[in-house]
Amino acid sequence: MVRETGKGSTKLYTCEECGLEFEEKFWAERCEDYDREHNACSLEIASHAVIERHGIE
Ligand SMILES: [Zn+2]
């Protein structure tokens, strides 16, 4: 199940299979489906994940 996390006004969706976070639930769900089916992450889907932004700016 995709987990919703709220960080301020930003809502993120976490893939519980691999822990990647997405801004769109659509991608988080696709990621979970892919992970379960292939037991691995899809690079294409992972490219839509939110990269850790803390401390970068
Ligand atoms: Zn995943």
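*Asks:* Sorry if this is basic, but what is going on with the overall build of the protein chain here?
*Replies:* Scanning the protein chain from N- to C-terminus turns up two helices and three strands. Secondary structure elements in the protein chain, listed N-terminal to C-terminal, are β-β-β-α-α. Taken over 57 residues, the protein chain has a buried fraction of 19%. Residue pairs in contact within the protein chain that sit at least 24 positions apart in sequence constitute 22% of those at least 6 positions apart.

*Asks:* Honestly, the pairing of strand S1 (residues 3-7) in this entry has me stumped. Any pointers?
*Replies:* One face of the sheet, then the other: side chains in a regular strand alternate in exactly this way. For S1, the tally of buried residues reaches only zero of five residues, placing the bulk of the element at the surface. Pairing of S1 with strand S2 (residues 10-14) involves five bridges; the strand directions are antiparallel. Among the inter-strand pairings, Gly-6 is bridged to a residue of S2, identified as Lys-11. Between S1 and S2, which pair antiparallel and follow one another directly, the connecting turn spans two residues, one of which, Gly-8, has a positive phi of 65 degrees.

Reading the values: rules and limits
- Residues numbered from 1 in each chain as written.
- Predicted model: local features only at pLDDT ≥ 70, side-chain atom pairs only at ≥ 80, totals over all residues.
- Helix = DSSP H or I, 4+ residues; strand = E, 2+ residues; numbered from the N terminus.
- Buried ≥ 20, exposed ≤ 12 C-beta atoms within 10 Å, placed from the backbone.
- Contact = placed C-beta atoms within 7 Å.
- Pairing = 2+ DSSP bridges.

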